[in-house]
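# Remarks on the overall topology
The primary structure of each chain is shown beneath.
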Amino acid sequence: MNPAQAERVLVLRSRPTCLPADFVSGYYGLRMEGGVASLFEKWKAKVKGSDRCSGAVDRVLLEMFLQQQRMLSYKWMGARLGMREQSVRDVLAKQQDVPLPVNYEYFGQLVLESFKDDLVGALKPLRFRTFANHSDFCRRLHQAIGEELGVKVQPLMCATSDALGEDPVAYAHDFDCITFEPLSIKHSAWLNFGKPISLPPDRCSKLFLAKHVEDLRFELAGMGSPDSLERYEHAAQGA
Amino acid sequence: MLRTWTEGFDALLVQLTPHGGPGGEICFPSGVTVPEMKIAEAEPPHAWFRRCVDGPLAGQIERCAVEPNLAVFATVRWAQGGSLDYANVQVLKTQVALDEYYYDDRPDEGFLLRLDWDYGTLGPMFTHPLPHVHYSSFDAAPRFGVDGLLSDNILIDFFEFVYRHLLHDDWVAWAKRVWHRERGAALGDADPFDAIVSAFRESNIAILRQHEHHVRMLKQCLRREKDRWSELRASTADLELLRYPG
């Protein structure tokens, strides 16, 4: 792995996990400043042992904060909707056309999680539909947004699916915690960096894992070795 | 406060509950009987639904709507003590609102499931599990057994199958509420519920194996919760007798 990725692994392994600013912005899509920093500090003040990372951001506390506030960054809301961050902002700018009366945006950096379900419920073609999978959901969502709101969505595609030459390329649902690249459900491997189980799991690309399985074998989550890495190992060798 | 998966099902459950009365029969929608609303051999679901709405429902789609996209037609008979004698439950789930499905002529946007608990339809040897579910109006199509092989709470198990598969988000929200009340709140940061939900969605069997104990506990919690909703029970002796393979 390159030096930046190796550094990120070291950060993730550290206890407590104190994140530098570039990790917070690169992975979470957040800058700890202004209203976000102020709200986080107020929330942290009520948590015991919250001063472990002076000058940096305590990773566990940051994720607990976002979970309890039921908020996501624009970057991560984008992943949930299979679209780039700017498209999330473009869609939110049209929320009164849907209409969605709730104020979803905070401090220019955070979006209420409920925006996803509220948006789907408000778009007539999607309201009662059962989706086959995340890619099916994203395709239909983007089409409906185009038809109902006139917004041309920039899709967020899985970097691993693209690297493997899949057709069609899978939509991303998460971000790789080491490479920070967009990642689909299909190509995700879970890693255990010691976070509480109640927080969202860390994921990395199975292709990345296949290239670095010896470096990351202690962080593989779940019982047993990861299934079906053979395909990714072949792809990694061929690269 | 929600008791079951949705307010719609809460209301349906009240209507399908004997409330301690002696043996009897309940129909939903009220006054609509089996002969009127039973799907005919090879009848397409869309045609069947229009027939039910135009006929027994007198044009009032809302009478059968449990959810905006879920119609139910049910007849349930029981004997004293809550012994289930007969159940015929037809459920239509549409990918658009029910009235769109009806008015806009969207025949490909809905599908029908029918639960039969009927001693009069045992069928050729071991071909009709009791209870069984039809997914097709063709009589030659195979019938499938209901989830919860060892459970006698067949009516609730069937509806749970419907909500779990077809209104999954509502089902998960319910499961989370029950789990939180029974175990999750006590577990705090060690609560694996969301991880289990994600692991299923991502087909991550390794994670599910890691949480085998909690998955088992979750199923037990949900079983106890569902068994509180209805007193109607199928005969466990007959379930055992007619189950195949043994």
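Residues numbered from 1 in each chain as written. Chains lettered and ligands numbered in written order. Predicted model: local features only at pLDDT ≥ 70, side-chain atom pairs only at ≥ 80, totals over all residues. Heavy atoms only, no water.

### A look at the state of the cysteines
Residues and elements named next belong to chain A. Definition in use: Defined by distance alone, a disulfide is two cysteine sulfur atoms within 2.5 Å. Under the DSSP-based scheme used, a helix requires at least four consecutive residues in state H or I and a strand at least two consecutive residues in state E, with every element numbered from the N terminus. For the exposure calls, accessible area comes from a 1.4 Å probe over protein chains only, and a residue counts as buried if that area is under 20% of its type's maximum, exposed if over 50%, partly exposed in between.
Here the structure, examined in full by the defined rule, presents 1 disulfide over all chains. Across the disulfide from Cys 18 sits Cys 53; the S-S distance is 1.9 Å. In this structure, the disulfide formed by Cys 18 and Cys 53 twists by about -75 degrees around the S-S bond and is classed as left-handed. Within this pair, whereas Cys 18 is found in strand 1 (residues 18-19), its partner Cys 53 is found in the loop between helix 3 (34-44) and strand 2 (57-58), the two being separated by 35 residues in sequence. In this structure Cys 18 comes out as partly exposed when scored by relative accessible area, which is 25%.

### What about the packing of aromatic side chains?
Filter applied, for reference: Only centres within 6.5 Å qualify two rings of Phe, Tyr or Trp (six-membered ring in Trp) as a pair; their planes then separate them into stacked at under 30 degrees, edge-to-face at over 60, and tilted for everything else. Two conditions define a charge sitting above a ring: the NZ of Lys or the CZ of Arg must be within 6 Å of the ring centre, and it must be within 35 degrees of the ring normal.
Within the structure shown, the criterion is met by 29 aromatic pairs over all chains. Consider the rings of Trp 5 of chain B and Trp 174 of chain B, whose centres lie 5.8 Å apart with planes at 80 degrees: the pair is edge-to-face. Taken together, the residues Trp 5 of chain B in the segment before helix 1 (7-15) and Trp 174 of chain B in helix 6 (residues 168-187) connect sequence positions 169 residues apart. Like Trp 174 of chain B, Trp 5 of chain B is buried. The lysine or arginine in question, Arg 89 of chain A, covers the ring of Tyr 74 of chain A, its NZ or CZ lying 3.7 Å from the ring centre.

### A look at the nonpolar core
Let me state the cut-off plainly: Among buried residues, those of type Ala, Val, Leu, Ile, Met, Phe, Trp, Tyr and Cys that are joined through side-chain atoms within 4.5 Å constitute a nonpolar core. Contact criterion: two residues are considered in contact whenever any of their non-hydrogen atoms come within 4.5 Å of each other.
Core analysis: the biggest nonpolar cluster contains 70 residues, and Leu 62, Phe 115, Leu 119, Leu 141 and Ile 145 of chain A have the highest contact counts within it. Apart from the residues within four sequence positions on either side, Ile 145 of chain A is in contact with Met 83, Val 91, Leu 119, Leu 123, Gly 150, Val 151 and Val 153 of chain A. Ile 26, Leu 115, Phe 158 and Cys 221 of chain B belong to the second-largest nonpolar core, a separate cluster that totals 48 residues.

### Examining the interface of chain A and chain B
To be explicit about the condition: Defined in terms of a 1.4 Å probe, buried area is the accessible area two parts forfeit on being brought together, summed over both. A pairing counts as a salt bridge when a side-chain nitrogen of Lys or Arg comes within 4 Å of a carboxyl oxygen of Asp or Glu. Charged means Asp, Glu, Lys or Arg here, nonpolar means Ala, Val, Leu, Ile, Met, Phe, Trp, Tyr, Cys or Pro, and polar covers whatever is left, Gly included.
In this assembly, 18 residues from chain A lie in contact with 28 residues from chain B. In this assembly, chain A packs against chain B so that about 2,000 Å² is buried in total across both faces, 52% of it on carbon and sulfur atoms. Seen at the junction of chain A and chain B, the total is 2 salt bridges. One salt bridge connects Glu 109 of chain B with Arg 129 of chain A, and the closest N-O pair in it is separated by 3.0 Å. Those elements giving two or more residues to the side of chain A that touches chain B turn out to be helix 4 (59-69) and strand 8 (188-191) of chain A. Grouping the constituent residues of the side of chain A that touches chain B by class yields 8 nonpolar, 6 polar and 4 charged.

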